[in-house]
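Listed here are the chains, written in short residue letters.
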Amino acid sequence: QVQLMESGGGLVQAGGSLRLSCAASRSIGSINVMAWYRQAPGKQRELVATINSGGRINYADSVKGRFTISRDNAKNTVYLQMNSLKPEDTGVYYCYLSTTYGTGYWGQGTQVTVSS
């Protein structure tokens with residue numbers, strides 16, 4: 001079992017920045033994709049950004065140009081740098097890891113609140 005520990009959430013004003021971190025409890029050599037999802041109150045969980053084992057990155061249209069996903073393999077950690085935050089970015093952010101052999105793991109979630 002792999003545990004994903006999230007940190008970095010908080011309360012910021014619109015236009016501010018936060019960096020989220022998600023660290024795996026152990027090294028995994030067969031990672032397929034690491035991703036960030038978010039869930040706003042009363043809404044479905046949505047995909048924010050992904051990075052695959054080869055470094056290929058995808059973003060939701062709503063965050064392109066503002067968010068950056070990155071990975072530090074040595075630290076077993078994926079990051080989400082969030083700039084120019086908007087109130088609509090508010091929600092619980094979850095990291096996700098999938099392996100090449102078909103398993104998936106979720107972080108516990110970290111709250112991001114952006115005030116207007």
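The following paragraphs examine the structure supplied in this document. Here the structure is a predicted model, which means the values were calculated and not measured.

### Some remarks on the overall build of the protein
- The number of helices and strands found in the protein is zero helices and eleven strands.
- From first element to last, N terminus to C terminus, the protein shows the α and β order β-β-β-β-β-β-β-β-β-β-β.
- Against the 2.2 N^0.38 benchmark of 13 Å for 116 residues, the protein shows a C-alpha radius of gyration of 14 Å, consistent with a compact globule.
- For the C-alpha atoms alone, the extent of the protein along its principal axes is close to 40 × 25 × 25 Å.
- Considering the protein as a whole, with its 116 residues, one finds that 41% of them fall into the buried category.
- The contacts in the protein between residues at least 6 apart in sequence include a share of 53% that link residues at least 24 apart.

### Re the environment of Leu11
- Locating Leu11 in the fold gives a position in strand E2 (residues 10-13).
- Distance in space between the C-alpha atoms of Leu11 and Thr90 is 9.2 Å, their sequence separation being 79 residues.

### Brief notes about the sheet that holds strand E1 (residues 4-7)
- One open sheet accounts for four strands, arranged E1-E3-E8-E7; its pairing is antiparallel. Pairing within the sheet leaves two strands with one partner each, and these edge strands are E1 and strand E7 (67-72). Neighbour-to-neighbour, the strand axes of this sheet turn through a mean angle of 15°, independent of strand direction.
- Across four bridges, E1 lies against strand E3 (residues 18-24) in antiparallel orientation. Bridge assignment links Leu4 to a residue of E3, and that residue is Ala24.

### Digging into the pattern of salt bridges
- One pass over the full model with this rule turns up four salt bridges.
- Across the pair Lys64 and Asp61 runs a salt bridge whose closest N-O atoms are separated by 3.1 Å.
- For Asp61, a relative accessible area of 65% puts it in the exposed group.
- A salt bridge links Asp89 to Arg66, with the nearest nitrogen and oxygen atoms 2.7 Å apart. Remark: Arg66 occurs in the loop between strand E6 (57-59) and E7 and Asp89 occurs in the loop between strand E8 (77-82) and strand E9 (91-99); sequence separation between them is 23 residues.
- Of the residues examined, Asp89 reaches a relative accessible area of 1% and is grouped as buried.
- On the basis of relative accessibility, which here comes to 10%, the residue Arg66 falls in the buried class.
- Each of Arg38, Glu46, Arg66 and Asp89 takes part in one network of salt bridges that share partners.

Rules behind the numbers
- Residues numbered from 1 in each chain as written.
- Predicted model: local features only at pLDDT ≥ 70, side-chain atom pairs only at ≥ 80, totals over all residues.
- Heavy atoms only, no water.
- Helix = DSSP H or I, 4+ residues; strand = E, 2+ residues; numbered from the N terminus.
- Rg over C-alpha atoms; globule rule 2.2 N^0.38 Å.
- Buried < 20%, exposed > 50% of the residue type's maximum accessible area, 1.4 Å probe, protein only.
- Contact = heavy atoms within 4.5 Å.
- Pairing = 2+ DSSP bridges.
- Axes fitted to C-alpha atoms, helices over the stretch in contact; angles between N-to-C directions.
- Salt bridge = Lys/Arg side-chain N within 4 Å of Asp/Glu carboxyl O.

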